[in-house]
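Here is how the chains run, residue by residue.
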Amino acid sequence: METIAAIATPNGIGAISIVRISGDNALEIAKKLTKKEFTPRKATLAKVFDSNDELIDIALVIYFKAPSSFTGEDVVEFQCHGGVVVSRLILEEVLKHGARLANPGEFTKRAFLNGKIDASQAEAIAKLIETRSKEGAKLLSRQLEGDLSKFVDEVREKLIEIMAYAEVFIDYAEEDLPETLGSEIEERLQKIEELLIHTLESSKRREALLSGYKVAIVGKPNVGKSSILNALLNKQRAIVSDIAGTTRDTIEEDIQIGSHLIRIIDTAGIRAAKDEIEKIGVERSKKAIEEADIVVGVFSADEFTKEDEEILELLKNVDKEVIIVINKVDKGINIDLDKFQGLKVVKISAKKDISPLIDELKNLLDSFSSEDEHILISTRQIHAVEKALNAINESKQFLQTGELELFSYQIQDAIRAISEITKPFEYDEMLDKMFGSFCVGK
Ligand SMILES: Nc1nc2c(c(=O)[nH]1)N(C=O)[C@@H](CNc1ccc(C(=O)N[C@@H](CCC(=O)O)C(=O)O)cc1)CN2
Ligand SMILES: Nc1nc2c(ncn2[C@@H]2O[C@H](COP(=O)(O)OP(=O)(O)OP(=O)(O)O)[C@@H](O)[C@H]2O)c(=O)[nH]1
Ligand SMILES: [K+]
Ligand SMILES: [Mg+2]
């Protein structure tokens, strides 16, 4: 394998930068730059020189001897002083000695090709780097540890058992087949189907765990939506005024609530719009409700009008989590709270204290992520499970007709499909797609 190199740390000012080299010449290049010998896995302080014998840096150098490294190849890391220059100078020297610049994700790709990690683990690494959600990071580190790989192995083994069991009877004449054979196999298949469907559904439900749950703040004009956004963000992000119709477009911001990442969306007040621009804003508000995972419906404690009535009706009919916020309670409550019966209601003052809203959001988000299990994190993984489910479904007809050979083929298809999660076989294209989205140096 060609020797590859890259700066593994972000391009910016920081205490330390890392230049990483992987491949057959990694050690030799390190020796040339430092005139030193290295013991595997021992951090060694070394002077690093350029080709004119001028000192570039005094760095910590670590040699990982193949196959005991991240990539499975010889790896050398130069952990040098930070900033953008030193690591670039070292990288240039490394390239002069015959290494080439690594492509995005190429280190991880090699780890995969050398059997250090499987495809699900590689995907977990990619997402782990990207995610801004602590909850998501926990889940991804479990997938990196092999959570999903284990699940795939279990399903595969169960399918293999079924196939083996069916194959015993392939050469039997139809009249000699045990009476209960079909129902026995079907029962076992059923269990696997349920398991796969459950995984699919919980993955779709919890997709937002990685990207951030969307929370839309809606209500008629002037109830204090933007004030609530600002209070949640702890800054004056949106314009607040006593003029109805102040917010004209949706405003989106990410915030952390407990260990959850949410994307909070402030919207234009919903009413019969007075002009064309406001009309567009109101349409966007309705769209925000559609796209949200949680809708925060805001009402003012001092009045409940026809417009509120309509919005409340709208909220009662949306098929997602709704939190009713009674805002401005610092002015006293002059509305009939019975109207909100059966809904989750919190009373706050955007001016004084919004903690009841934060607590309620936190509760809700906790309940979303309480299922402590693996999920599918890419469309590639989801497709694999869907393909397996299709094949299992197809197989059933052959069970009924006693065509065990055809049944067995279908189960083999299902096994192949589920195995793709960890060991894809449509190689090149898939690999390009999977690793192409990584950053350089990973
Ligand atoms: N400096 C540094 N930090 C890093 C990485 C790295 O490459 N360099 N990683 C890179 O993403 C992650 C750690 N991942 C790693 C995974 C395996 C091995 C490794 O040497 N594996 C050997 C030995 C295993 C052992 O001793 O238990 C092996 O698998 O054989 C190293 C790092 C995060 N932190
Ligand atoms: N007393 C009191 N006034 C509040 C409270 N929250 C908001 N207000 C006031 O209500 C008015 C409207 O607040 P906004 O945050 O602009 O309301 P909005 O719902 O975003 O309004 P639009 O963007 O026009 O739809 C402003 O004068 C705020 O200062 C509160 O908790 N108590
Ligand atoms: K306003
Ligand atoms: Mg507003």
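Here is what the cut-offs are and how they apply
Residue indices follow the written sequence of each chain, beginning from 1 at its first position. Written order determines the labels here, with chains lettered from A and ligands numbered from 1. Only residues with pLDDT of at least 70 get local features here, since the model is predicted, and only at 80 or more are side-chain atom pairs given and counted; chain-wide, interface and lining totals rely on the full set of residues. Values reported for side chains reflect all heavy atoms of the structure, with hydrogen atoms and water molecules removed beforehand. One heavy atom suffices: a residue is near a molecule or strand as soon as one of its heavy atoms comes within 4 Å of it. Between N or O atoms, a polar contact is any pair within 3.5 Å; within protein, one atom must be a potential hydrogen donor and the other a potential acceptor, and residues adjacent in sequence are included only when both atoms are from side chains. Computed with a 1.4 Å probe, the accessible areas rest on the Shrake-Rupley method; for each residue, only the protein chains presented here act as cover. Each residue is assigned to one of three groups, with Ala, Val, Leu, Ile, Met, Phe, Trp, Tyr, Cys and Pro labelled nonpolar, Asp, Glu, Lys and Arg labelled charged, and all others, Gly among them, labelled polar. For Na, K and Ca the donor cutoff is 3.2 Å, while for all other metals N, O and S atoms count as donors only within 2.8 Å; water does not appear among the atoms, so some sites may look incomplete. Starting at the N terminus, helices and strands are each numbered in turn, a helix being any DSSP run of H or I of at least four residues and a strand any DSSP run of E of at least two. Under the scheme applied here, a residue whose accessible area is under 20% of the maximum for its type counts as buried, over 50% as exposed, and between as partly exposed, the area being computed with a 1.4 Å probe on protein chains only. Only one rule defines a salt bridge in this text: a Lys or Arg side-chain nitrogen within 4 Å of an Asp or Glu carboxyl oxygen.

Visitor: When you look at the site of ligand 1 in this model, what are you seeing that I'm missing?
Guide: Taken together, Ile 18, Arg 20, Arg 41, Phe 64, Pro 67, Ser 68, Ser 69, Phe 70, Glu 77, Gln 79, Lys 116 and Lys 442 make up the full set of residues adjacent to ligand 1. The contact in question runs from an oxygen atom of ligand 1 to an N or O atom on the side chain of Arg 41, over 3.1 Å. Interatomic distance of 2.5 Å between a side-chain N/O atom of Glu 77 and a nitrogen atom of ligand 1. Alone, ligand 1 offers 680 Å² of accessible surface; in the complex the protein occludes 48% of this. Of the residues belonging to the shell around ligand 1, the class tally is four nonpolar, three polar and five charged.

Visitor: Looking at this structure, I do not really get the coordination of the magnesium ion (ligand 4). What am I missing?
Guide: In an ideal tetrahedron of four donors about a metal, each angle is 109.5 degrees. In an ideal octahedron of six donors, the angles are 90 or 180 degrees. Only Ser 226 (OG) and Thr 247 (OG1) from the protein coordinate the magnesium ion (ligand 4), and they sit 2.0 to 2.1 Å from it. Taken as an interatomic distance, the gap from the magnesium ion (ligand 4) to the potassium ion (ligand 3) is 4.9 Å. Of this pair, Ser 226 sits in helix H9 (residues 225-233) while Thr 247 is found in the loop between H9 and strand S8 (251-257), placing the two residues 21 residues apart along the sequence. Each member of the pair Ser 226 and Thr 247 is classed as buried.

Visitor: In this structure, what is going on with the pattern of salt bridges? I would like to understand it.
Guide: Pairs can form between side chains of opposite charge whenever their charged atoms are close. Per the stated rule, a full pass over the model turns up 32 salt bridges. Among the ionic pairs, Asp 254 bridges to Arg 132, the shortest N-O distance being 2.5 Å. You can see Asp 254 sitting in strand S8 and its partner Arg 132 sitting in the loop between helix H4 (119-130) and helix H5 (134-145), a full 122 residues away along the chain. Of the residues examined, Asp 254 reaches a relative accessible area of 24% and is grouped as partly exposed.

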